[in-house]
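So the chains spell out like this:
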Amino acid sequence: YRALADAGWMSLPFSEEVGGSGGSHKDLVALVEAMAYHYASMATAYLTTVIYAGQHIALHGSEHLKSTYLPGIMDGSIRMAIALTEPGAGSDAAAITTRAERRGDSYVVNGQKLYITCAHVAQYLVAAVKTSPQEGHLGISILLIPTNAKGVSIRMLDTLGRRSTRATEVFFDN
């Protein structure tokens, strides 16, 4: 992972405007295929931070979020995971039950995520939560949650095979 960052590969899919390399989709496919050929878990770790989580910030984040987090993703010092799937909902975002209630400038989050890849090594989770449950899929928000925040706990699942890019359960308790 460190070698990929040092060689500039973490910046490949990010635009030059945010300090990235501005690589094409074909460039990204070639890199990920080459990584996966040699070690699939490294490709998974790369995709988890750079694409699944990092692109949420790059494409939809505020300028503050972009300037705060994208440089760290590109230099390899920040690792992220995306937290969508839940028990009973799978990847059906409209069926998630994890709730976030705004209190002042913060959110109080309660719920559980399941099969979250690389959460055990991530510093941040890009988490799908319900902020307006009565609005169905329109009531879903994406929050950036530090994994060391009070009330966040992560438990690795005992899976067959995968030992470096582990699947985890994430619990949010206030």
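Bear in mind the structure is a predicted one, so any value in this text is a computation, not a measurement.

1. Notes on the overall build of the protein chain
Along its length, the protein chain carries 4 helices and 7 strands. When its helices and strands are written in sequence order, the protein chain yields α-α-α-α-β-β-β-β-β-β-β. Computed over C-alpha atoms, the radius of gyration of the protein chain comes to 16 Å, within 12% of the 16 Å expected from 2.2 N^0.38 for 174 residues, which places it in the range of a compact globule. Relative to its full complement of 174 residues, the protein chain shows a buried share of 42%. Taking as baseline every contact in the protein chain between residues at least 6 positions apart, the subset at least 24 positions apart corresponds to 57%. Per element, the accessible surface of the protein chain, about 9,400 Å² overall, is 54% carbon and sulfur. With 14 positive and 15 negative side-chain charges, the protein chain shows a separation of 7 Å between the mean positions of the two kinds.

2. Side note on the packing of aromatic side chains
Throughout the structure, instances matching the rule amount to 1 aromatic pair. Measuring from centroid to centroid gives 5.0 Å for Tyr69 and Tyr124, while their planes differ by 75 degrees, and the two rings are edge-to-face. With Tyr69 in helix H4 (residues 63–75) and Tyr124 in strand S4 (residues 124–130), this pair connects stretches of sequence that are 55 residues apart. Of the two residues, Tyr69 and Tyr124, neither departs from the other in class, the shared state being buried.

Definitions and cut-offs
- Residues numbered from 1 in each chain as written.
- Predicted model: local features only at pLDDT ≥ 70, side-chain atom pairs only at ≥ 80, totals over all residues.
- Heavy atoms only, no water.
- Helix = DSSP H or I, 4+ residues; strand = E, 2+ residues; numbered from the N terminus.
- Rg over C-alpha atoms; globule rule 2.2 N^0.38 Å.
- Buried < 20%, exposed > 50% of the residue type's maximum accessible area, 1.4 Å probe, protein only.
- Contact = heavy atoms within 4.5 Å.
- Areas by Shrake-Rupley, 256 points an atom, 1.4 Å probe, with all protein chains shown as cover.
- Lys, Arg positive; Asp, Glu negative; His and termini not counted.
- Charge placed at Lys NZ, Arg CZ, Asp CG, Glu CD.
- Phe/Tyr/Trp six-rings, centres within 6.5 Å; stacked < 30°, edge-to-face > 60°.

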